[in-house]
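Below, each chain spelled out in residue letters.
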Amino acid sequence: MSIDTEHRRPVETPRTVHVEHCMGTAFTIDIRDAGRWDAAIGEVIGWLHMVDAVFSTYSAGSDISRMRRGELRLADADPTVAQVLELCAQAQTRTGGAFTAMPQGKLDPTGLVKGWAVERASRLLTEHGAVNHAINGGGDMQLAGSAGPDRPWVVGIADPADRRRVVRTVSGRDFAVATSGTAERGRHILDPLTGRPAAGLAAATVVGPSLTFADAYATAAFVLAGDALRWICEVDGYEALLVGNDGMISTSPEWRAEC
Amino acid sequence: MRRVALALFSTITALVMLLSFKTHSSTASVPVATAPAVPATGDGTSSTGSSSASSSSAGSASSGSSAKAPASSASATPTTKTVTGDAIDTRYGPVQVQITVTNGTVTAVDAVQYPQNDPRDQQINSYAIPQLNSEALSAKSANIDMVSGATYTSDGYLSSLQSALDKAGL
């Protein structure tokens, strides 16, 4: 549901929030522009569920599942599949193979799809005129404009060992934040270079302009562990914060609390 | 004094808006006594309806008897209300929180629904929920808009919390 609080808080920033369950997680759409955004939010919801229907690895009828079984060729799949696989190939090149859409030799672009879907959803909202908003898909988020007049978006980075704590905050306008870690139950990030679960870090967070790549880079940084900071220095516009298994925090040289 | 008056005014505005908020879900409302403020506990005070309602369900809000009172009488007694957030489906089951608001400040966050399908879930929730309570309260006070790196369950929890905060006009 959408809640229009504009008239409720005349002195404060207007806010419309919608929470949608999709892709096995919760998406929060938080708009800070005055107005009614039912149509824009409806479009975003439709988009997210469309992406899920095409890319789900859990649903046997999705394009990805059918391609895995050899029942569907790329040329006959939804056109977004080719777009996503092209982005995955770019991410694979830029991460030196630490990110791949073929972990365990099976087609699985999941590590990039959610970030890509959220980034496109964010663009949809902007096109509708909601230029100040954030979309959070299961802890990975694209933030557009600002949280309020004279107030940037503030994102907390959860301590993977103690959820009561936020290890750092990062604030700014028009940026994306993605975190990969072992905190989520049942999620194992495999190192494509060794085929074994990556275990060098507790969590890796990547900040940059695009959630499509921040999402894939966070996975790569988690896999690269000790080599992640050296690698991310070569990537233009993206910075990383790593939390070690011992709780030690390290950041890339250009990491800023404000971006 | 002026600051106090403003705070009271915004509390009353929120309460009035909550009263005019249309409830269209089966979630039970939880009456809470007025002064002295006693935060409600999550278990037992609220029965929830269908957990499949997910994001389309509106939670319900109830408020103390001073909700309709003008500012003059509101200044005499602290007002406490509880607001129930949306039930959010997570991979592990529905998550739903209820907040207790006293004089415009969140004083308690309780999980009224959380996954408890197997012993492992119960084990995880027994420590996760109290931790998340303090996390939510500290995040709110630190003016953090969103948290990166949340788990599926805690993400659902925070989403439900967010909807409760929004309904409360906080």
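Predicted, not measured: the structure shown is a model, and the values here were computed from it.

1. Thoughts on the pattern of salt bridges
Link 1 in the chain: This model, assessed by the stated rule, comprises nine salt bridges over all chains.
Link 2 in the chain: As a salt-bridge pair, A:Arg69 and A:Glu71 come within 2.7 Å of each other at their nearest N and O atoms.
Link 3 in the chain: Here A:Arg73 ties to A:Asp76 by a salt bridge, and the two come within 3.1 Å at their closest N and O atoms.
Link 4 in the chain: Note on A:Arg73: relative accessible area 56%, which makes it exposed.
Link 5 in the chain: Owing to a relative accessible area of 48%, A:Asp76 belongs among the partly exposed residues under this scheme.
Link 6 in the chain: Salt bridges here are not isolated pairs; linked through shared partners, they connect A:Asp30, A:Arg32, A:Arg151 and B:Asp145.

2. What about helix H5 (residues 211-224) of chain A?
Residues and elements named next belong to chain A.
Link 1 in the chain: Taking 1.5 Å as the rise per residue, H5 with 14 residues should run 20 Å; its terminal C-alpha atoms sit 19 Å apart, in good agreement.
Link 2 in the chain: By the criterion of burial, H5 is predominantly enclosed, with 14 of the 14 residues buried.
Link 3 in the chain: Measuring from the side-chain oxygen of the N-cap residue of H5 to the backbone nitrogen of Thr212 gives 3.3 Å; that N-cap residue is Ser210.
Link 4 in the chain: Ala225 lies just past H5 and shows a positive phi near 50°.

3. Observations concerning the packing of helix H3 (residues 79-94) of chain A against H5(A)
Residues and elements named next belong to chain A.
Link 1 in the chain: At their nearest, the axes of H3 and H5 sit 10 Å apart, and the two run at 50° to each other. With respect to each other, H3 and H5 are oriented oblique. In the crossing of H3 with H5, the sense of the turn from one axis to the other is right-handed. Seen from H3, the contacting residues are Leu87, Gln90, Ala91 and Arg94; seen from H5, they are Thr212, Phe213, Ala216 and Tyr217.

4. Points about the confidence of the model for chain A
Residues and elements named next belong to chain A.
Link 1 in the chain: Per-residue confidence for chain A gives a mean pLDDT of 88, with 91% of residues at or over 70.
Link 2 in the chain: At the low end of the mean pLDDT range in chain A sits strand E1 (residues 3-4), at 44; at the high end sits H3, at 97.
Link 3 in the chain: In this model residues 1-11 is a low-confidence stretch, pLDDT under 50, and it forms 43 contacts with partners more than four residues away in sequence or in other chains.

5. As for the pairing of strand E4 (residues 133-137) of chain A
Residues and elements named next belong to chain A.
Link 1 in the chain: Judged by how many residues are buried, E4 sits mostly within the fold: five of five residues are covered.
Link 2 in the chain: Covered by surrounding structure in E4 are His133, Ile135 and Gly137 together with Ala134 and Asn136, the residues of both alternating faces.
Link 3 in the chain: Strand direction decides the pairing type here: strand E3 (residues 25-31) and E4, joined by five bridges, are antiparallel. Residue Ile29 lies in a different strand from E4, and its bridge partner there is Ile135.
Link 4 in the chain: Inspection of the sheet shows E4 paired to strand E5 (residues 140-144) by five bridges, in the antiparallel sense. When the bridges of E5 are listed, Asn136 appears paired with Met141.
Link 5 in the chain: The hairpin turn running from E4 into E5, its antiparallel successor, is two residues long, and Gly138 in that turn takes a positive phi close to 60°.

Conventions used here
Residues numbered from 1 in each chain as written. Chains lettered and ligands numbered in written order. Predicted model: local features only at pLDDT ≥ 70, side-chain atom pairs only at ≥ 80, totals over all residues. Heavy atoms only, no water. Salt bridge = Lys/Arg side-chain N within 4 Å of Asp/Glu carboxyl O. Buried < 20%, exposed > 50% of the residue type's maximum accessible area, 1.4 Å probe, protein only. Helix = DSSP H or I, 4+ residues; strand = E, 2+ residues; numbered from the N terminus. Expected span 1.5 Å × (residues − 1). Polar contact = N/O pair within 3.5 Å; in protein donor to acceptor, adjacent residues only side chain to side chain. Axes fitted to C-alpha atoms, helices over the stretch in contact; angles between N-to-C directions. Parallel < 35°, antiparallel > 145°, perpendicular 65-115°, else oblique. Left-handed = near helix turned anticlockwise from the far one by under 90°. Contact = heavy atoms within 4.5 Å. pLDDT = per-residue confidence, 0-100. Pairing = 2+ DSSP bridges.

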